[in-house]
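# An overview of the molecular structure
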Amino acid sequence: MSVVRVRNLERHFTRKGVLNGVDLDIAKGEFVALLGRSGSGKSTFLRALAGLDHEARGSGVIEVPEDLAVVFQDARLLPWKNIMDNVVFGLDGSDATARAQHALEEVELSGRSTSWPHELSGGEQQRVALARALVRKPRLLLADEPFGALDALTKIRMHTLLRRLSVIHRPAVLLVTHDVEEAIALADRVIVLDHGKVMHEERIVLPDDEDARAISSLELRKKLLCYLGVKPQ
Amino acid sequence: MNVKSTLPPFLTMFFAWSQPDPLQDKAAQDDSRHMRMTTQRLSPPPALRYGWLAGPVFLLAYWAAASASGLIDTRILPAPWVVVSTGVDLVHDGRLLGNLLISLVRAVEGFVIGGLAGIALALLSGLSRAGDYFVDGIAQVKRAVPAVALIPFFILWFGVDEGMKIMVIAVGAFTPVYLHTHTALRAIDIRYVELAETLRIGYWKFVWHIVLPGALPGMMLGLRFGVMAALLGLVVVEEVNATSGIGYMIDLARTYAQSDVMLVGLVTYVVIGVIADQTLLRVERRVLSWRRTLAA
């Protein structure tokens, strides 16, 4: 039973094709990372799945669940709403506040619910964005380079947090990124997109032993970088 | 190394850019090596609380001194204390307050009508394409026509009474309110629109929670310009054709060469303007408390 089913997806702007026939299935609870160089069409693909490409021309089949949530590269918190109101925004039901409070606890920000967004650091803002996405209990979580603007240390913390929360909530995840290490660390499966086509697919199976894990991560990294057109020294 | 200001000392005084750096000065005095590097400060230092009063107080002092020494002919410009005593007299015989009240009512009525119309039409043209096509073109043409230029027609349409005066003020206030609100509505960040789409909130919720709060800073700016335009309209209609109000008081005083009464009228206009602007500024700070600006 797959949550996402995409068949022969094509998208073009003016004359240039951005997506040239992409097929993808994501199983329930599966974590897929979409890797690609800039201009490979990975963001276009995510926006197509999110339904944000109103002006796009193209064809193909997209089947995604109605209850999907998106995390963008910028946290995209509404500056005129405090943290709590940002998370609760668009939620229905009498227990909305309680659920939002719980979501903020999960990202370790329950103490900041009355702060303004600009009072939080970049990493904290992105955690609020994650809480806002997960509080909706989405069956599909789309993330467009969500950690791209964060510093290296914050990024590692965010990886751990996202991994933990995706194990708890089990949404299907499509993470768009250009960070190979991030893809290996988080995903069950990595897809490399190039010139609007799926160029390579890799199931990430890492051994439990820590040293062996590090070695096979490195090998994977080398391999994926090759597909991305980068030759490691 | 302390990078010295490149401005000559007598100029730095006027710009107040050069700030003493105690640590650096001390290091220079006892010849100790101090590892702190400072550059020439290019941004002005923090403002003093009542620093803005320096200019007005200086001007007032100059005016008083020049009047006392006879440097200024009191027939051309009365001394400050004469303005105060004339003002007190005018308050006592009821002329000032009576005229002030009439002027205020005109200004407020005109501003409220113009402001409401500006906001309403800006919402119409900012939120719908059809409204944009119909309303915005007209408003852009209106923008090129000063409200004052419409006075002859307004006299023809509304007569010479209050209706005409209030309409001139309203039309003056309308334009900046409309333009700034419209621009702000059109400039809503597309990122927030996308967010709203992915959160699957409805259209009216989107307007209420995203478009309106996002456009509020622009609307507040438009209202502040609108107040100034309303006061300009007030001055014009009262001095062109009126039988009451502060402008009438000034114009009447001019015929009798009562420059002190004229000046009291002018000061009254200034006071109205400053109070109106400060009030809106306070409202703005309250409404936009989420904003982080340089001024805050």
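In this text the structure is predicted, and so the values were computed from the model without any measurement. (Residues numbered from 1 in each chain as written. Chains lettered and ligands numbered in written order. Predicted model: local features only at pLDDT ≥ 70, side-chain atom pairs only at ≥ 80, totals over all residues.)

Below, the discussion takes up the overall build of chain B. Helices and strands together make up the secondary structure of chain B, namely 12 helices and zero strands. Mapped in sequence order, the helices and strands of chain B form the string α-α-α-α-α-α-α-α-α-α-α-α. Out of the 296 residues in chain B, the part that is buried amounts to 28%. Summarising the internal contacts of chain B: among those between residues at least 6 apart in sequence, 71% fall at separations of at least 24. (Helix = DSSP H or I, 4+ residues; strand = E, 2+ residues; numbered from the N terminus. Buried ≥ 20, exposed ≤ 12 C-beta atoms within 10 Å, placed from the backbone. Contact = placed C-beta atoms within 7 Å.)

This part covers the overall build of chain A. A tally of helices and strands in chain A yields seven helices and nine strands. Computed over C-alpha atoms, the radius of gyration of chain A comes to 18 Å, within 12% of the 17 Å expected from 2.2 N^0.38 for 233 residues, which places it in the range of a compact globule. Projected onto its principal axes, the C-alpha coordinates of chain A cover approximately 45 × 45 × 35 Å. Taken over 233 residues, chain A has a buried fraction of 39%. Put simply, of all contacts in chain A between residues at least 6 apart along the chain, 70% involve residues at least 24 apart. (Rg over C-alpha atoms; globule rule 2.2 N^0.38 Å.)

Between chain A and chain B, the contact holds 12 residues from the first and 14 residues from the second. Classifying every residue of the side of chain A that touches chain B by side-chain character gives eight nonpolar, two polar and two charged. (Nonpolar A, V, L, I, M, F, W, Y, C, P; charged D, E, K, R; others polar.)

With that settled, the discussion passes to the nonpolar core. With 66 residues, the main nonpolar core has Leu34, Leu35, Leu142 and Leu174 of chain A as its most contacted residues. Top contributing element to this core by residue count: helix α4 (residues 122–134) of chain A, with six residues. In this view, Leu174 of chain A contacts Ile26, Val32, Leu34, Leu46, Leu49 and Leu142 of chain A; residues no more than four positions away in its chain are not counted. Formed by 39 residues, the second largest nonpolar core is a distinct cluster that contains Phe111, Ala147, Ala196 and Val227 of chain B. (Core = buried A, V, L, I, M, F, W, Y, C linked by C-beta atoms within 7 Å.)

Attention now goes to the UniProt feature "transmembrane region" (unreviewed entry) in chain B. All names here are of chain B. Per the UniProt record, "transmembrane region" (unreviewed entry) is found at residues 50–72, 100–124, 144–160, 166–185, 206–236 and 256–276. In residues 206–236, the share of helix is 100% and the share of strand is 0%. The end C-alpha atoms are 42 Å apart. As a span, residues 256–276 carries 86% helix and 0% strand, and end to end its C-alpha atoms are 31 Å apart. (UniProt positions renumbered as here; feature names shortened; annotations may be inferred.)

Our next topic: the UniProt feature "domain: ABC transmembrane type-1" (unreviewed entry) in chain B. Residues given the UniProt feature "domain: ABC transmembrane type-1" (unreviewed entry) here are residues 96–280 of chain B. In this annotation, residues 96–280 of chain B is assigned 87% helix and 0% strand; the end-to-end C-alpha distance for the span is 25 Å.

Below, the discussion takes up unusual backbone geometry. One non-glycine residue, Arg76 of chain A, lies in positive phi territory at about 55°. Checked against the element boundaries, Arg76 of chain A lands in the loop between β5 (68–71) and α2 (83–88).

Turning our eyes to something else, we now look at the sheet that holds strand β1 (residues 2–13) of chain A. All names here are of chain A. An order of β2-β1-β4 is seen for the three strands of this open sheet, with the pairing classed as antiparallel. Each of the sheet's edge strands pairs with one partner strand only, and the pair in question is β2 (16–27) and β4 (57–63). Mean inter-strand twist for the sheet, computed between neighbouring axes without regard to direction, equals 0°. With nine bridges joining them, β1 and β2 adopt antiparallel strand pairing. The partner of His12 across the bridge, within β2, is Gly17. (Pairing = 2+ DSSP bridges. Axes fitted to C-alpha atoms, helices over the stretch in contact; angles between N-to-C directions.)

We now examine the confidence of the model for chain B. Averaged over all residues, the pLDDT of chain B is 86; the fraction at 70 or higher stands at 85%. As scored by the predictor, the complex reaches a pTM of 0.80 and an ipTM of 0.90. (pLDDT = per-residue confidence, 0-100.)

Another point: the sheet that holds strand β9 (residues 197–203) of chain A. Residue and element names in this part refer to chain A. Spatially, six strands are ordered β5-β6-β7-β3-β8-β9 in an open sheet, and the strand pairing comes out mixed. Since the sheet does not close on itself, it has two edges, and those belong to β5 and β9, each with one partner. On average, adjacent strands in this sheet sit at an angle of 20° to one another, irrespective of strand direction.

This brings us to the environment of Asp151 of chain A. Residues and elements named next belong to chain A. Structurally, Asp151 can be placed in the loop between β6 (140–144) and α5 (152–169). Since 11 C-beta atoms lie within 10 Å of it, Asp151 is described here as exposed. Spatially, the C-alpha atoms of Asp151 and Gly122 are 9.0 Å apart, while their sequence positions differ by 29 residues.

Okay, the packing of α4 of chain A against α5 of chain A next. All names here are of chain A. Between α4 and α5, the least distance of the axes is 11 Å, while the angle of their chain directions is 10°. Of the possible angle classes, the one that applies to α4 and α5 is roughly parallel. Both α4 and α5 take part in a crossing whose hand is right-handed. Touching Gly123, Gln126, Arg127, Leu130 and Leu134 of α4 are Thr154, Met158, Leu161, Leu162, Leu165 and His169, all from α5. Taken together, the residues of the contact of α4 with α5 sort by class into six nonpolar, four polar and one charged. (Parallel < 35°, antiparallel > 145°, perpendicular 65-115°, else oblique. Left-handed = near helix turned anticlockwise from the far one by under 90°.)

What follows concerns helix α4 (residues 80–92) of chain B. Residue and element names in this part refer to chain B. The end-to-end C-alpha distance of α4, which contains 13 residues, comes to 19 Å, matching closely the 18 Å that a straight helix rising 1.5 Å per residue would cover. Of all the residues in α4, the buried ones are Val83, Thr86 and Leu90. Viewed end-on, α4 has its buried residues packed into an arc of 70°, placing them on one side of the element. Turned more than 90 degrees from where α4 packs its buried face, Trp81, Val88 and His92 sit exposed. Residues of α4 that are buried in the fold lie against α5 (95–127) and α12 (259–287). (Expected span 1.5 Å × (residues − 1). Arc of directions from axis to C-beta.)

All names here are of chain B. Here helix α6 (residues 129–144) contains 16 residues, and its C-alpha end-to-end distance of 23 Å stays within 8% of the 22 Å for a straight helix at 1.5 Å per residue. Of all the bends found along α6, the most pronounced is centred on Val135 and spans about 30°. Summarising burial for α6: one of the 16 residues are buried, a small minority. (Bend = angle between axes of the 7 residues up to and from the residue.)

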